[in-house]
Amino acid sequence: MVYDVAIVGSGFSAIAETVNLLRLLPPSASIAVVGDDPGFGRGTAYRTELHVHRLNVPAARMSLFADQPDDFVVWLREQKRAVPPDGFASRDDFGRYIRDRLASLLRNRENRATLHFIKAKATACDQCSAGRVVFQLDNGTSLEAANVVLCLGVGSARLPVAPTGVTGPMRERIISNPWRLGWLSHVEPRQTVCILGSGLTMVDQVLALRAHGHRGRIHVLSRRGLISHPHLTRKAEPVAPELPSSREISMLLLALRRQVRAGADWRAVMDGLRPLTQGLWQELTDARKGRFLRHALAWWNIHRHRLAPDVFARLEALLGDGTVTVHKGFLQTIEQDGTQLAFAFRPRGGVGGIRMRADWLINCTGMERAGIAHSPLLRQMLEQGLISADKRGLGICVGGNAQVLDRNGRPQPGLFAVGALTAGQFWEITAVPDIRVQARNVAVAISDHHPGAKDSASR
Ligand SMILES: Cc1cc2nc3c(=O)[nH]c(=O)nc-3n(C[C@H](O)[C@H](O)[C@H](O)COP(=O)(O)OP(=O)(O)OC[C@H]3O[C@@H](n4cnc5c(N)ncnc54)[C@H](O)[C@@H]3O)c2cc1C
């Protein structure tokens, strides 16, 4: 069977793409979704079942549908799990919401395209030409489609240094993918845990450890030791940023700081900046993009990706009572020391190495950058020249309509990407409010070339 569209991936981006295509394509069309995620539709972010794992975006901005912004808030109310529109629901609830919304679309079999879920991983792309893309799947079959949307997410980051001499069961104490939460039940209450990275993933793991009864010390090591700020308890309306004509990073940041010094709440200014971020990113020269990533990214992340206020308060309490200690420095070595792991790091601005021991090492670095190295499929497609890698390590090169570019920068007919893989072109494309718009735009681009598609403006 040749599908009209194949969606590769099974996280939020894949489901957002699927629901948009179901709304636009005629009943004669066929769609396949290929993924091996155990919680189909939940992906990395929403498969957690721990109530302490909360959304970091207010409920009112988390609808699956760009044109029905209050849909998630309505669903929460229907489920009697209401949180205020500017409150922060659990990620578990969000995972259920997207599955629920997909299920209701699927119940209505009449008047919608055929949809097949294929539980597999795509391992290679055999052919990519106008009207025909063929993938090999790890279940031994192949999949052929006229259009393909890659929704592969980010994958987990590699450890910044390779462990040396860590053998046997001690290897199991180094967790490279913290989102497979099974490791938590093996941690003993008084064991010492070292977490690499101080971003939102670190906060999640600290709360998950506490929820599992861990009461030992937690060391956090990151290059700058910066931790995300909290959202305001009472939301401030976004304030339009007063930007200069210059696109020099230092001038842009200076203008924002001036506006804050003049009395605007910085969170409101950041929120006002958000709808402009993609356009601003695209106006930056390569050199300026590089400067932003080298010098401003860590600060951008802690202001832009904020924590729910009560989640922040919990973390603050653990920092205050010494349970969690944050170290600023650069990891140098990971070794085995008897029944523990030993680390050495160079403190930021210092010399020499500080040694530390822990029972567990949890890698919470990365996530926001979607490289290619983690994905055998992308590596194969790169070798074949079907895709090209963003030179800053921000996924793959796509055009303004999210169409994938080949090694010569030519758009690949019928091949699109959605989500963080397209960060090199769009930058602000890792969260639901942005992905849902992109998923809709890609669905419109595909349906525009499909005979009998519903009029996108009327749906
Ligand atoms: C812990 C965490 C919390 C977050 N919280 C929020 C939040 O509160 N609000 C918000 O807006 N955003 C949040 N985000 C951002 C989040 O990344 C997006 O909201 C969204 O979940 C991204 O979904 P995705 O489908 O693009 O990627 P993923 O969820 O990573 O899904 C990618 C899927 O593709 C599959 N896949 C990969 N390769 C293949 C292959 N070759 N063949 C088949 N399948 C493949 C993977 O198995 C995976 O299921 C959070 C992210 C994380 C990690």
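Residues numbered from 1 in each chain as written. Predicted model: local features only at pLDDT ≥ 70, side-chain atom pairs only at ≥ 80, totals over all residues. Heavy atoms only, no water.

J.: Provide a residue-level description of the site of the ligand, including the pertinent values.
T.: Not every one of the 34 residues close to the ligand is listed here, only the nearest: Ser13, Asp37, Tyr46, Asn56 and Val432. Interatomic distance of 2.6 Å between a side-chain N/O atom of Ser13 and an oxygen atom of the ligand. Relative to its free-state accessible area of 990 Å², the ligand is covered by the protein chains to the extent of 88%. Of all the secondary structure elements, the ones that give two or more residues to the shell around the ligand are helix H1 (12–24), strand E2 (30–35) and helix H11 (432–448). Ranked by residues supplied to the shell around the ligand, first place goes to H11 with three residues. Considered class by class, the residues forming the shell around the ligand number 19 nonpolar, ten polar and five charged. (Near = heavy atom within 4 Å. Polar contact = N/O pair within 3.5 Å; in protein donor to acceptor, adjacent residues only side chain to side chain. Areas by Shrake-Rupley, 256 points an atom, 1.4 Å probe, with all protein chains shown as cover. Helix = DSSP H or I, 4+ residues; strand = E, 2+ residues; numbered from the N terminus. Nonpolar A, V, L, I, M, F, W, Y, C, P; charged D, E, K, R; others polar.)

J.: Tell me about the sheet that holds strand E7 (residues 174–175), and please be specific about residues and values.
T.: Read from one edge to the other, the open sheet built from seven strands follows the order E7-E13-E8-E9-E10-E11-E12, with strand pairing classed as mixed. Taken across any chain shown, the strands that pair with only one partner, and hence form the sheet edges, are E7 and strand E12 (354–358). Pairing analysis gives five bridges linking strand E11 (residues 340–347) to E12, with the strands arranged antiparallel. Bridging across to E12, Ala344 finds its partner in Arg355. (Pairing = 2+ DSSP bridges.)

J.: Report on the domain arrangement of the protein chain, specifying residues and quantitative values.
T.: The domain architecture assigned to the protein chain consists of domain 1 (2–155 + 369–458), domain 2 (168–229 + 307–363) and domain 3 (249–304). Here domain 1 and domain 2 have C-alpha centroids that lie 32 Å from each other. Across the boundary between the two partners, domain 1 contributes twelve residues, which contact 14 residues of domain 2. Counting each side, the surface lost to burial between domain 1 and domain 2 is near 1100 Å², with a carbon and sulfur contribution of 62%. (Domains from an automatic or database assignment. Contact = heavy atoms within 4.5 Å. Buried area = accessible area lost by both parts, 1.4 Å probe.)

J.: Before we move on, can you summarise the packing of H1 against helix H3 (residues 91–107) with the specific residues and values?
T.: When two helices pack together, their arrangement is given by the angle between the helix axes and by the axis-to-axis distance. Here H1 crosses H3 at 25°, and the two axes come no closer than 11 Å. When the axes of H1 and H3 are compared, the pair comes out roughly parallel. As H1 runs across H3, the sense of the crossing is left-handed. Contact with H1, carried on its side by Phe12, Ile15, Thr18, Val19 and Leu22, involves Phe94, Ile98, Leu102, Leu105 and Leu106 of H3 and no other residues of that element. Looking at the contact of H1 with H3, its residues break down into nine nonpolar, one polar and no charged. (Axes fitted to C-alpha atoms, helices over the stretch in contact; angles between N-to-C directions. Parallel < 35°, antiparallel > 145°, perpendicular 65-115°, else oblique. Left-handed = near helix turned anticlockwise from the far one by under 90°.)

J.: Describe the packing of aromatic side chains, listing the residues and the values that go with them.
T.: Overall, the coordinates contain twelve aromatic pairs when judged by the stated rule. Consider the rings of Phe292 and Trp427, whose centres lie 5.5 Å apart with planes at 85°: the pair is edge-to-face. With a gap of 135 residues between them, Phe292 in helix H7 (residues 286–304) and Trp427 in the loop between helix H10 (423–426) and H11 connect regions that are remote in the sequence. You can call Phe292 buried: its relative accessible area is 9%. Just above the ring of Trp360 sits the side chain of Arg173; from NZ or CZ to the centre is 5.4 Å. (Phe/Tyr/Trp six-rings, centres within 6.5 Å; stacked < 30°, edge-to-face > 60°. Buried < 20%, exposed > 50% of the residue type's maximum accessible area, 1.4 Å probe, protein only. Lys NZ or Arg CZ within 6 Å of the ring centre and 35° of its normal.)

J.: With reference to specific residues and values, describe the environment of Glu242.
T.: Here Glu242 is to be found in the loop between strand E9 (218–222) and helix H5 (249–261). In this structure, the C-alpha to C-alpha distance between Glu242 and Arg258, residues 16 residues apart in sequence, is 9.2 Å. Not counting chain neighbours up to four residues away, the residues in contact with Glu242 comprise Ala255 and Gln259.

J.: Explain the pairing of E11 to me, using residue names and the numbers behind them.
T.: Extensive coverage of E11 is indicated by the burial of seven of its eight residues. The pairing of strand E10 (residues 324–337) with E11 spans eight bridges and is classified as antiparallel. Considered in E11, the bridge of Ile334 is made with Phe343. Hairpin remark: E10 followed by E11, antiparallel, with two residues in the connecting loop; positive phi at Gly338, about 65°. The antiparallel hairpin formed by E11 and E12 contains six residues in its connecting segment, where Gly349 sits at a positive phi of about 75°.

J.: Could you give an account of empty space enclosed by the protein, with specific residues and numbers?
T.: Following the criterion strictly, the structure yields three cavities of 30 Å³ or more and no others. Considered as a void within the structure, the largest cavity measures approximately 210 Å³ in volume. Taken together, 13 residues line the largest cavity, and the ones lying closest to its centre are Leu252, Leu273, Leu280, Phe292 and Trp300. Looking at the lining of the largest cavity, its residues break down into twelve nonpolar, one polar and no charged. (1 Å grid on protein atoms, 1.4 Å probe; cavity = no way out; pocket = protein on both sides within 12 Å on 5 of 7 lines; lining within 4 Å. Points joined across faces, edges and corners; volume = space filled by probe spheres on them.)

J.: An account of the nonpolar core is requested, with residue identities and associated values reported.
T.: Nonpolar side chains tend toward joint burial in soluble globular proteins. Counting residues in hydrophobic clusters, the biggest one holds 93 residues, and the most contacted among them are Phe72, Phe94, Phe135, Leu150 and Ile396. The dominant element in this core, judged by the number of residues it contributes, is H1, at eight residues. Built from parts of two domains, this core gets at least three residues from each of domain 1 (2–155 + 369–458) and domain 3 (249–304). Among the nonpolar cores identified, the runner-up in size contains 28 residues, and Ile195, Met202, Leu207 and Ile227 belong to it. (Core = buried A, V, L, I, M, F, W, Y, C linked by side-chain atoms within 4.5 Å.)

J.: Before we move on, can you summarise the environment of Arg77 with the specific residues and values?
T.: Looking at the secondary structure, you find Arg77 in helix H2 (residues 71–78). Since its relative accessible area comes to 52%, Arg77 is described here as exposed. In this structure, the C-alpha to C-alpha distance between Arg77 and Arg288, residues 211 residues apart in sequence, is 45 Å.

J.: A description of the pattern of salt bridges should follow, citing residues and the corresponding values.
T.: Tallied over the entire structure, the rule returns 24 salt bridges. The partner of Asp265 in a salt bridge is Arg267, with the nearest N and O atoms 3.6 Å apart. You can call Asp265 partly exposed: its relative accessible area is 26%. One salt bridge connects Asp337 with Arg357, and the closest N-O pair in it is separated by 2.5 Å. Remark: Arg357 occurs in strand E12 and Asp337 occurs in strand E10; sequence separation between them is 20 residues. (Salt bridge = Lys/Arg side-chain N within 4 Å of Asp/Glu carboxyl O.)

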